[in-house]
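Residue strings, one per chain:
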Amino acid sequence: MIRILLADDHAIVRAGLRALLGSGAAQADYDIEVVGEVTTADEAVAFCATTPVDLVLMDLRFGPGKSGADATAAVRALPDPPNVLVVTNYDTDADILGAIEAGAVGYILKDTPPSELLAAVQSAAAGESVLSPSVASKLMTRVRKPDTTLSPREIEVLRLVADGLSNRDIGRRLFLSETTVKSHLVHIYAKLGVKSRTSAVARAREHGAI
């Protein structure tokens, strides 16, 4: 069972996500339950502080007040926090990096095909990093340099990913925060031109990096 909170100030978006998640769960080998809907960043934090949630689908812009990135950081600071998957229309560098630095496990756009969104929900609920292809491309363009070889720390992180460790376990092993581990993974994805942990490991092995 994946317990989901929908955090978006547009009722039609929440209704669409609820319908999509319901239809997707009916066809999948896992259950999804939308346990709540909120319309502001503060409501998202308050809900997660009192109700068990596995994954928050978080918009970035709520109008006046706190942003989705602010809410993400506050949610991730809670004891036993849910994962946060940003679902938004905005794909600027500042928005993407701000959300990831706040602790979001993934970042997808609202025009993502339904099948890809459902797959992203399942992966994000499990704590795996998820990026829309266009977002991954933007990040790759932003961090691409003449030398795109992985740094020693990035190689350390990727080796532990290859060993099957979670972000939390990698952080404990390397004395890093989960947010820092995710940031390393984002840069690894960009350098290797991939968008998943499995692909990153495979590409790094192809290049002899690990």
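Preceding this section is the structure that the text describes.
Residues numbered from 1 in each chain as written. Predicted model: local features only at pLDDT ≥ 70, side-chain atom pairs only at ≥ 80, totals over all residues. Heavy atoms only, no water.

The next subject is the overall build of the protein chain. Assigned secondary structure in the protein chain consists of 10 helices and 6 strands. Computed over its C-alpha atoms, the radius of gyration of the protein chain comes to 17 Å, within 12% of the 17 Å expected for a compact globule of 210 residues. Along the longest, intermediate and shortest principal axes, the C-alpha atoms of the protein chain span 50 × 40 × 30 Å. The buried share among the 210 residues of the protein chain stands at 47%. Of all intrachain contacts in the protein chain linking residues separated by at least 6 positions in sequence, the fraction that spans at least 24 positions is 65%. Accessible surface for the protein chain amounts to roughly 9900 Å². Of this, 51% is attributable to carbon and sulfur atoms. Averaging the positions of the 22 positive and the 26 negative side-chain charges in the protein chain gives two centres separated by 6 Å. (Helix = DSSP H or I, 4+ residues; strand = E, 2+ residues; numbered from the N terminus. Rg over C-alpha atoms; globule rule 2.2 N^0.38 Å. Buried < 20%, exposed > 50% of the residue type's maximum accessible area, 1.4 Å probe, protein only. Contact = heavy atoms within 4.5 Å. Areas by Shrake-Rupley, 256 points an atom, 1.4 Å probe, with all protein chains shown as cover. Lys, Arg positive; Asp, Glu negative; His and termini not counted. Charge placed at Lys NZ, Arg CZ, Asp CG, Glu CD.)

This part covers the packing of helix 9 (residues 178–192) against helix 10 (residues 197–206). At their nearest, the axes of helix 9 and helix 10 sit 10 Å apart, and the two run at 55° to each other. By the angle class used here, helix 9 and helix 10 are oblique. Here helix 9 and helix 10 pass one another in a crossing that is left-handed. When helix 9 is examined against helix 10, the residues L185, I188, Y189 and L192 are found in contact with a partner set consisting of R197, A200, R203 and A204. (Axes fitted to C-alpha atoms, helices over the stretch in contact; angles between N-to-C directions. Parallel < 35°, antiparallel > 145°, perpendicular 65-115°, else oblique. Left-handed = near helix turned anticlockwise from the far one by under 90°.)

Two orientations exist for strands paired in a sheet by backbone hydrogen bonds: parallel and antiparallel. Here 6 strands make up an open sheet; going across it, the order is 2-1-3-4-5-6 and the pairing parallel. Here the strands that pair on one side only, and so sit at the sheet edges, are strand 2 (32–38) and strand 6 (130–131). In this sheet, strand 3 (residues 55–58) lies alongside strand 1 (residues 2–7) in parallel orientation, the contact comprising 4 bridges. Considered in strand 3, the bridge of A7 is made with M58. Across the sheet, helix 2 (residues 41–50) is in contact with strand 1, strand 2 and strand 3; its angle to strand 2 comes to roughly 130°. (Pairing = 2+ DSSP bridges.)

Another point: the packing of aromatic side chains. The geometry of an aromatic ring pair comes down to the distance between the two centres and the angle between the two planes. Applying the stated criterion to the full structure yields 0 aromatic pairs. We note R61 situated over the ring of Y90; from NZ or CZ to the ring centre the distance is 3.7 Å. (Phe/Tyr/Trp six-rings, centres within 6.5 Å; stacked < 30°, edge-to-face > 60°. Lys NZ or Arg CZ within 6 Å of the ring centre and 35° of its normal.)

A few words now on the pairing of strand 3. Residues of strand 3 alternate between two faces, with L55 and L57 on one and V56 and M58 on the opposite face, all of them buried. Between the parallel elements strand 3 and strand 4 (residues 83–88), the chain passes through helix 3 (residues 68–76) in a crossover that is right-handed. (Right-handed = clockwise from strand over helix to strand, strands pointing away.)

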